Amino acid sequence: MATRTEHKNHVVAAVKKLMADKKAAIAYSKGEISKQELDDRGVKLGMPLQGNI
Amino acid sequence: MIEELSLECHYKVTFNTSDYSYGFKTSGGAEYSVLFVDASSVFFNTRLEGSYCYNIVISKIKSGDGLKDKGVKETIGAIVDHYFSDPERILIFTCEEEDGKQSVRKKLFDMWFSNGTLSHLVKFNEDIEGSEATYHSSILFHKENPLGISEVIKSYQETVKILGQTK
C-alpha cells in the first residue's frame with residue numbers, strides 16, 4: 001500500500017502527464033506533430049474496438 | 001486504415017485503425033477528431049487502478065461555417081456510446097484554462113453529454129483545486145460498471161482530493 005506522500009506524488013505526476021498528453025494529442029490531430037513524435041512523447045492512444053464495427 | 005462505422009447518428013463517422021481515432025465532417029464544413037488518450041495511472045491506489053480509463057480529446061481540426069449544429073452533439077454522443085460498448089471503461093474529461101476558455105469548454109462538454117441517448121451513463125463533475133488554478137474535470141462511466149456507481153465516484157473524488165492537497 002502506497003504511503004500518502006507516494007500516492008500524492010504519483011497522482012500529481014499522472015495528471016501532469018495527462019495534461020501534456022492531451023496537448024500532444026490535440027497537436028497530433030491537427031497535423032502539427034507526427035504519430036512518431038506522439039509515440040516518442042510516450043502518449044498512449046486507445047482503445048481497440050470491441051464488438052461489431 | 002480508415003474504416004466507416006455504422007453508428008446511429010447524424011454524421012458518418014470514420015475510424016482510423018492506426019491511432020484509434022474517430023473522425024467526422026459536418027455539413028457546415030467543420031471536421032472533428034476524437035481521440036482517447038490512456039489515463040489509467042491517474043487512479044493509482046484507488047479501486048479504479050488498472051481500469052480501462054481514457055481521457056477523451058475532442059478537437060475541431062477544421063472550422064466550418066460557424067453555425068450551431070446539433071448534429072455534432074449527436075455524433076459525439078454516438079462515438080461515446082460506442083466507446084462504452086464495454087461497460088468497464090471509464091472516460092475522464094479535463095478543461096485547460098491556458099487561453100481563458102475553460103468555462104466555455106466545460107459548458108460545451110456538459111452540453112455534448114446532456115444527451116438523452118446516454119442515459120445509461122453517469123457523468124460526475126469535480127473541480128480540481130490546483131496550486132495555480134482551478135481545473136474543471138468530469139468522469140463518465142457506465143451505470144453497469146462492475147465496481148458500482150458509488151465506488152467509481154468515490155475513487156474519483158479521492159483522486160481529486162489528493163490533487164487539491166498539492167497547494
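The rules behind the values
Residues numbered from 1 in each chain as written. Chains lettered and ligands numbered in written order. Predicted model: local features only at pLDDT ≥ 70, side-chain atom pairs only at ≥ 80, totals over all residues. Heavy atoms only, no water. Core = buried A, V, L, I, M, F, W, Y, C linked by side-chain atoms within 4.5 Å. Buried < 20%, exposed > 50% of the residue type's maximum accessible area, 1.4 Å probe, protein only. Helix = DSSP H or I, 4+ residues; strand = E, 2+ residues; numbered from the N terminus. pLDDT = per-residue confidence, 0-100. Axes fitted to C-alpha atoms, helices over the stretch in contact; angles between N-to-C directions. Parallel < 35°, antiparallel > 145°, perpendicular 65-115°, else oblique. Contact = heavy atoms within 4.5 Å. Nonpolar A, V, L, I, M, F, W, Y, C, P; charged D, E, K, R; others polar. 1 Å grid on protein atoms, 1.4 Å probe; cavity = no way out; pocket = protein on both sides within 12 Å on 5 of 7 lines; lining within 4 Å. Points joined across faces, edges and corners; volume = space filled by probe spheres on them. Expected span 1.5 Å × (residues − 1). Buried area = accessible area lost by both parts, 1.4 Å probe. Salt bridge = Lys/Arg side-chain N within 4 Å of Asp/Glu carboxyl O. Polar contact = N/O pair within 3.5 Å; in protein donor to acceptor, adjacent residues only side chain to side chain.

Would you take a moment to explain the nonpolar core for this structure?
It is characteristic of soluble globular proteins that their nonpolar side chains tend to be buried jointly. By size, the foremost hydrophobic cluster in this structure holds 31 residues, and its most contacted members are B:F36, B:I56, B:V80, B:L91 and B:F113. Those elements giving two or more residues to this core turn out to be β2 (13–16), β3 (21–25), β4 (31–38), β5 (53–62), α1 (70–83), β6 (90–95) and α2 (102–112) of chain B. At 6 residues, α1(B) tops the list of elements feeding residues into this core. Core analysis: the next-biggest nonpolar cluster, separate from the first, contains 23 residues, A:M19, B:I92, B:I139 and B:I153 among them.

What's the story with the confidence of the model for chain A in this structure? I'm lost.
Atom-level detail of predicted coordinates should not be read off regions where pLDDT is low. The share of residues in chain A with pLDDT of 70 or more is 83%, and the mean pLDDT across the chain is 82. Averaged pLDDT values over the elements of chain A bottom out at 85 in strand β1 (residues 45–46) of chain A and peak at 94 in helix α2 (residues 35–40) of chain A.

I would appreciate a short explanation of the packing of helix α1 (residues 4–29) of chain A against helix α3 (residues 149–164) of chain B in the present structure.
The relative placement of two packed helices comes down to the angle between their axes together with the axis-to-axis distance. The interhelical angle for the contact between α1(A) and α3(B), taken along N-to-C directions, is 95°, at an axis separation of 9 Å. Taken together, the axes of α1(A) and α3(B) lie roughly perpendicular to each other. For the pair α1(A) and α3(B), contact is made by A:H7, A:K8, A:V11, A:V12 and A:V15 and by B:T159, B:I162 and B:L163, respectively. Tallied by class, residues from the contact of α1(A) with α3(B) come to 5 nonpolar, 2 polar and 1 charged.

How should empty space enclosed by the protein be read in this particular structure?
To find the voids left in a structure, one rolls a probe of water-molecule size over its atoms. Counted according to the given criterion, the structure contains 2 cavities of 30 Å³ or more. Approximately 100 Å³ is the volume found for the largest cavity. Around the largest cavity, the lining comprises 14 residues; the ones closest to its centre are B:V42, B:I92, B:T94, B:I128 and B:Y156. Of all the elements in the fold, those that place two or more residues in the lining of the largest cavity are α1 of chain A together with β6, β8 (134–142) and α3 of chain B.

Help me understand α3(B), please; the structure alone is not making it clear to me.
Count 3.6 residues to each turn of an α-helix, and residues three or four apart come out pointing the same way. The end-to-end C-alpha distance of α3(B) is 23 Å, a good match for the 22 Å that 16 residues give at a rise of 1.5 Å each. All of the buried residues along α3(B) are B:V152, B:I153, B:S155, B:Y156, B:T159, B:V160, B:I162 and B:L163. At its buried positions, α3(B) is contacted by α1 of chain A together with β6, β7 (121–129) and β8 of chain B.

I keep staring at the layout of surface pockets and nothing clicks. Help me out?
All names here are of chain B. By volume, the largest pocket amounts to about 1100 Å³. As for the largest pocket, its lining consists of 34 residues, of which Y32, I58, K60, L108 and W112 are closest to the centre. Here the lining of the largest pocket takes 6 residues from α2, the largest share from any one element. Of the residues that constitute the lining of the largest pocket, the class distribution is 14 nonpolar, 6 polar and 14 charged.

Is there a simple way to explain the interface of chain B and chain A in this structure?
With 42 residues of chain B at the interface, the matching set in chain A holds 32 residues. Carbon and sulfur atoms supply 65% of the area that chain B and chain A bury against each other, a total of about 3400 Å² over both sides. Taken together, chain B and chain A are joined by 0 salt bridges. At the junction of chain B with chain A, the criterion picks out 6 residue pairs in polar contact (both at pLDDT 80 or more). Listed by contribution, the elements that provide at least two residues to the side of chain B that touches chain A are β1 (2–4), β4, β5, α1, β6 and α3 of chain B. Among the elements that line the side of chain B that touches chain A, the one with the most residues is β5(B), at 6 residues. Here the residues of the side of chain B that touches chain A sort into 19 nonpolar, 14 polar and 9 charged.

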